[in-house]
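Listed here are the chains, written in short residue letters.
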Amino acid sequence: PADRLSPERALAPRLAVNRVTLRSALARLASERLLSVRQGSGHVVLDYRREAGPDLIADLVAIASARARRDAIADLLLVRRQLARALLERLAGGVTAAHRARIARALDALAADAAARAATAALAEADGAVMTAAVEATGSAVLQLCLNPVLAVARGLPELQDAIYAGASRSVAAWRALAAWLEAPSAAHISPIVEAIAARDAQTLARL
């Protein structure tokens, strides 16, 4: 962090690329908050831990050692659980019949895929559709925008998807329990639900 990159005229030959390709790459790094571009100062390296966003998680996991990779995935599941708690708190305020019906349809599609032993990617997509329907029921754009990158990172880790959906029927059962809770949601049940999610996450990590 704080190091200044060499000028483009020096970087391009060093990396064996033309200036157009180099500028495109630098622009991408800047958009991901890995570089700062200042007129007259060139490109300065930023501290990714302070500046970058969750889109970087998948890349960090990809290059991590086996132990660091598992720790990063554990942290990702932890973040997902905390977002799930926030989601449940919003849902505890009540859900319209139309939204409950939308969640039920998405859940039926997931159950059908699980029964048919669909591919992991299809199960992840169907599970994400249930999650999206649940988030939309809150009417919260903030929750959706927070969940999107976390779910995208999880979808980008095939070994995590395999571990999560090794027991797809358990995912269906968990969503069925949530759907039943939505008929008469109570804040008193939020902690037990999150504890159940934590237990499933522990099983996922064990499979990894």
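Structural data are supplied above this passage.
What counts, and at which threshold
Residues numbered from 1 in each chain as written. Predicted model: local features only at pLDDT ≥ 70, side-chain atom pairs only at ≥ 80, totals over all residues. Heavy atoms only, no water. Salt bridge = Lys/Arg side-chain N within 4 Å of Asp/Glu carboxyl O. Helix = DSSP H or I, 4+ residues; strand = E, 2+ residues; numbered from the N terminus. Buried < 20%, exposed > 50% of the residue type's maximum accessible area, 1.4 Å probe, protein only. Axes fitted to C-alpha atoms, helices over the stretch in contact; angles between N-to-C directions. Left-handed = near helix turned anticlockwise from the far one by under 90°. Contact = heavy atoms within 4.5 Å. Nonpolar A, V, L, I, M, F, W, Y, C, P; charged D, E, K, R; others polar.

Caption draft 1: Local environment of the pattern of salt bridges. Applying the stated criterion across every chain, the model contains 12 salt bridges. Across the salt bridge formed by R19 and E8, the nearest N and O atoms sit 3.5 Å from each other. Of this pair, R19 sits in helix α2 (residues 19-31) while E8 sits in helix α1 (residues 8-15), and the two are 11 residues apart along the sequence. Assessed through its relative accessible area of 36%, R19 is described here as partly exposed. Where E8 meets R23, a salt bridge forms, and the shortest distance between an N and an O atom there is 2.7 Å. Taken together, the positions of E8 in helix α1 and R23 in helix α2 put the pair 15 residues apart, joining distant regions of the chain. Residues participating in the shared-partner salt-bridge network are E8, R19 and R23.

Caption draft 2: Quick peek at the packing of helix α5 (residues 66-91) against helix α8 (residues 141-155). The geometry of α5 relative to α8 is characterised by a closest axis approach of 10 Å and an angle of 150 degrees between their N-to-C directions. Along this stretch, α5 crosses α8, giving a crossing that reads as left-handed. Along its contact with α5, which presents L76, V79, R80, L83, A86, L87 and R90, the element α8 presents L143, C146, L147, V150, V153 and A154. Its residues placed into classes, the contact of α5 with α8 shows 11 nonpolar, no polar and two charged.

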